[in-house]
Amino acid sequence: MTELHHAHALHVDPVLVAEVTAFLTYEADLLDRWELRHWYALFTPDCSYHVPTTDRPEGNADTHLFFIRDDWFLLGQRVEALMDGTAWAESPRSITHRLVTNVRAVDTGDAVVARANCVVYRSALDRLDTYPYVLDLRLQRGGPAGFEIAHRRATLALAQLRPQGRVSIIL
Amino acid sequence: MSDTPYVIDDRDTPRFRVHRSTMVDPAILDEERRKVFDTSWLYVGHESEIPGPHDFRTRSVGGRPVILTRDVAGAVRVFVNSCPHRGMQIETRPEGHGRFLKCFYHGWSFDTSGDLVALPSEESYGEGFDRHNLCLARPPHVASYRGFVFLCWTAGVVDLETYLGAACDVLDSFADQCEQGMRVAGGTHLYAARANWKLLSENSYDGYHALTTHHRYLVMLKESGKDLKTVFGASGGGPALGWDLGNGHAVIGGADGTGGRNTGLGRDLPPAALVKQVARRDRAAELYGDDWANRLFASRNLVVFPNLAMVDLIMGITIRTYYPVSPDYMEVTAWSLLPVQDEPELHRMRQENFLTFWGPAGLATPDDIEALERCQRGFAAADVAPWNDISRGMASRSPNFADELQMRVFWREWDRRMTGTEHPPEVPTLTRVGRAGWPYESTGRR
């Protein structure tokens, strides 16, 4: 799990934070423009993408029930279905609008560990859903975008998922 | 109600239709609250969610807030989560542990037996004051079957096991999967759908929609290398069928639990995990015989009338309950049921395969929700396009899992409750037979 220690959050390297912010903005942009295959290419083959439940935000994916527990293969399947229109909940595609802020990042030596506060607005037909979440990432330096994603965990800042009903987009 | 029936159950054509007003009319929902929810045994939770004395969970059951807890002796208790003094909801945390339930409004405290044990300035109530008259209210009936806790809000109804009838056998097939018992995993799916609650009863055992609605899930399975014939093939002891369990309960299920190979949904178990699965199945056969062991390791979709769905797709088990807030909006709560003792290899696959299919972010459930919500939007035209058709399999001698027998069973009971109309069963209902296991054959047509 990518845990960004509080002590680190106070003493961040502003250059690193700027680099990570640029990367996070880039990937948020890919997601909003539905360039999901490009976005998927940012992941390493040993990656994981996790979303814990609202009542176990600190949960462990091996012992607790989660919302999402994808590996590289499953994330790829998720992306393909969203792109080919067979994810009915996103067909027609919704309009998403992402904000990424409060970026913190630390280079631990073997990875860059980053955290950001995110909000996605999702608009489809007559509904507007808002998904606020904390994004935890473990990044490796490399690839055309400067970083590759080894682990992505989106922890919803929600008590329940009732107002939104579901997560049919990428968080 | 108008002269138009809610349900047309035409055995001659045959054709089964449900009027869409049942999905949109607020007056019908008011009536459902009294005639369906208040007189049914409703699922509260699983005993494993409150492992020790004074552990508690709060939730809403049948529109009323309750506390599920254990008293000092460990007995399961359910109380109305409302202070007998002025009505305040006492506990709002979804879960916790505490010897006392304290209402912060005026400081009244209750123990986990529901007794009022302390209140400020008790003497000001005078000498004749008896705290025992002010204990926490309870549902008229609370009972457990194999760890599954139910309540009923109306006094004098039949007892839980009579109500469940042959559904007891199906609940056994969930409870028997581990000698040490079953447990609900930490973590809850608290989601919702902008659709009528009955659509989720229908959807929870709808075998017909799998190939179309869940196309992307099946593509994923195929890409993972799975042989889809093992999912839908009539392998093992017979094809997947549907059965009427009586009292509005029904189940569809496969008979592919002969073990030793990857069957059912989910990515294939790796060889090391498959060996453990076979060992589990063989242990069950030792304990209970082959027939029951095959049942335990075959898929089942059960709906206990009106709103408890339990689905075992071999790769995982979900428990789901759902309540209407309005005719076009329901709140859904879902859990994962696991063996208390699970081999790490199998546990890992269960965790993964559960989420890949189920849950509000899985590769299947969001599409179910989308389908239900689009149905609800279609019902806006209920006045000019008034009928849902639920006839599939009515002409068949042997209703299979992709037929709609199970939904007709639901609707006939619903109509009986709502209008008093008695619809004779379409096929013989199963009777409770215990671990002999319900038959693999269809009960056939009368």
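Check the entry above for the structure.
The notes below deal with the structure included here. (Residues numbered from 1 in each chain as written. Chains lettered and ligands numbered in written order. Predicted model: local features only at pLDDT ≥ 70, side-chain atom pairs only at ≥ 80, totals over all residues.)

## Description of the overall build of chain A
Then step 1. Looking only at helices and strands, chain A features four helices and six strands.
Then step 2. Shown N-terminal to C-terminal, the secondary structure of chain A runs as helices and strands in the order α-α-α-β-β-α-β-β-β-β.
Then step 3. For 171 residues, the compact-globule estimate of 2.2 N^0.38 gives 16 Å, and the C-alpha radius of gyration of chain A, at 15 Å, lies within 12% of that figure.
Then step 4. With the C-alpha coordinates of chain A rotated into their principal frame, the extents come out at 45 × 35 × 30 Å.
Then step 5. When burial is assessed residue by residue, chain A has 44% of its 171 residues classed as buried.
Then step 6. A separation of at least 24 residues holds for 59% of the contacts in chain A among residues at least 6 apart in sequence. (Helix = DSSP H or I, 4+ residues; strand = E, 2+ residues; numbered from the N terminus. Rg over C-alpha atoms; globule rule 2.2 N^0.38 Å. Buried ≥ 20, exposed ≤ 12 C-beta atoms within 10 Å, placed from the backbone. Contact = placed C-beta atoms within 7 Å.)

## Comments concerning the interface of chain A and chain B
Then step 1. Facing 30 residues of chain A, the contacting portion of chain B comprises 33 residues.
Then step 2. At the level of elements, β2 (66–71) and α4 (72–84) of chain A are the ones that each hand at least two residues to the side of chain A that touches chain B.
Then step 3. Ranked by residues supplied to the side of chain A that touches chain B, first place goes to α4 of chain A with five residues.
Then step 4. Here the residues of the side of chain A that touches chain B are counted per class, giving 14 nonpolar, nine polar and seven charged. (Nonpolar A, V, L, I, M, F, W, Y, C, P; charged D, E, K, R; others polar.)

## Looking at the packing of helix α5 (residues 197–204) of chain B against helix α12 (residues 365–378) of chain B
Residue and element names in this part refer to chain B.
Then step 1. For the pair α5 and α12, the least separation of the axes is 10 Å and the interaxial angle reads 135 degrees. When the axes of α5 and α12 are compared, the pair comes out oblique. Relative to α12, α5 is oriented so that their crossing is right-handed. Here L199, L200 and N203 of α5 lie close against α12, whose contacting residues are D368, L372 and C375.
Then step 2. Tallied by class, residues from the contact of α5 with α12 come to four nonpolar, one polar and one charged. (Axes fitted to C-alpha atoms, helices over the stretch in contact; angles between N-to-C directions. Parallel < 35°, antiparallel > 145°, perpendicular 65-115°, else oblique. Left-handed = near helix turned anticlockwise from the far one by under 90°.)

## Describing the sheet that holds strand β3 (residues 95–107) of chain A
All names here are of chain A.
Then step 1. Pairing is mixed across the open sheet formed by six strands, whose spatial order is β2-β1-β6-β5-β4-β3. Taken across any chain shown, the strands that pair with only one partner, and hence form the sheet edges, are β2 and β3. Adjacent strand axes in the sheet meet at a mean angle of 15 degrees, parallel and antiparallel pairs treated alike.
Then step 2. With 11 bridges joining them, β3 and strand β4 (residues 112–124) adopt antiparallel strand pairing. If you follow T96 over to β4, its bridge partner there is R122.
Then step 3. Taken strand by strand, helix α2 (residues 14–32) contacts β3, β4 and β6 (147–156), and its axis lies near 160 degrees from that of β3.
Then step 4. Of the strands in this sheet, β1 (43–52) and β2 touch α4, which is tilted by about 105 degrees from β2. (Pairing = 2+ DSSP bridges.)

## Observations concerning the pairing of strand β6 (residues 76–80) of chain B
Residues and elements named next belong to chain B.
Then step 1. As judged from the five bridges shared by strand β5 (residues 64–70) and β6, these two strands associate in the antiparallel manner. Within β6, the position partnered with I67 by the bridge is F79.
Then step 2. Between β5 and β6, which pair antiparallel one after the other, the connecting turn spans five residues, and G74 there sits at a positive phi close to 95 degrees.

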